[in-house]
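# Observations on the model geometry
These are the residues of each chain, in order.
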Amino acid sequence: MAHQPLFRPQAMTRATDEHASVPIPAAPLSWPLVGGFAVACAAATLLFLGAVAHVRKDTVGGALVAAGGAVQADPQRRGVGGRM
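Remember, it's a predicted structure, so these values are computed and weren't measured experimentally.

Right, let's get into the overall build of the protein. Each helix and strand counted, the protein has two helices and two strands in total. For the protein, the succession of helices and strands along the chain, N to C, is α-α-β-β. Taking all 84 residues of the protein together, the buried fraction comes to 0%. For the protein, the accessible area works out to roughly 8,600 Å², and carbon and sulfur atoms hold 65% of it.

Structure representation (structure tokens):
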């Protein structure tokens, strides 16, 4: 049996050419843009959480007076309500 090369001569010539392969960048150019956007979102979130005033939640008792009559509202537990 005659010895045959594993690859065609044209393929081997092309593979050994100087510009046969182009290096692939480590990361697409858009990754710095995506990373900057993520950092900006995190900074905006921290700024918002640091500047927001927390709302106080209270349970108050009393009566709701509607145009057609009154509805009694009973609290689930006793407590002192502040001025609303």
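Here we take up the environment of T45. As for its placement among the helices and strands, T45 is situated in helix α2 (residues 31–51). Relative accessible area serves as the criterion here: at 43%, T45 is assigned to the partly exposed category.

Once that is clear, we can look at a nonpolar patch on the surface. Taken together, the side chains of L6, F7 and M12 define a hydrophobic patch exposed on the protein surface, amounting to about 370 Å² of accessible area. Locating L6 in the fold gives a position in the segment before α1 (9–15). Judged by its relative accessible area of 77%, L6 falls in the exposed class.

A word on α2. Over its 21 residues, α2 extends 30 Å from the first C-alpha to the last, a length consistent with the 30 Å expected when each residue adds 1.5 Å. A small share of α2 lies buried, amounting to zero of its 21 residues.

What counts and how
Residues numbered from 1 in each chain as written. Predicted model: local features only at pLDDT ≥ 70, side-chain atom pairs only at ≥ 80, totals over all residues. Heavy atoms only, no water. Helix = DSSP H or I, 4+ residues; strand = E, 2+ residues; numbered from the N terminus. Buried < 20%, exposed > 50% of the residue type's maximum accessible area, 1.4 Å probe, protein only. Areas by Shrake-Rupley, 256 points an atom, 1.4 Å probe, with all protein chains shown as cover. Patch = residues over 30% accessible without salt bridge, like charges linked within 9 Å, V, L, I, M, F, W, Y side chains within 5 Å. Salt bridge = Lys/Arg side-chain N within 4 Å of Asp/Glu carboxyl O. Expected span 1.5 Å × (residues − 1).

Spatial relationships are all this shows, so hold off on functional conclusions.
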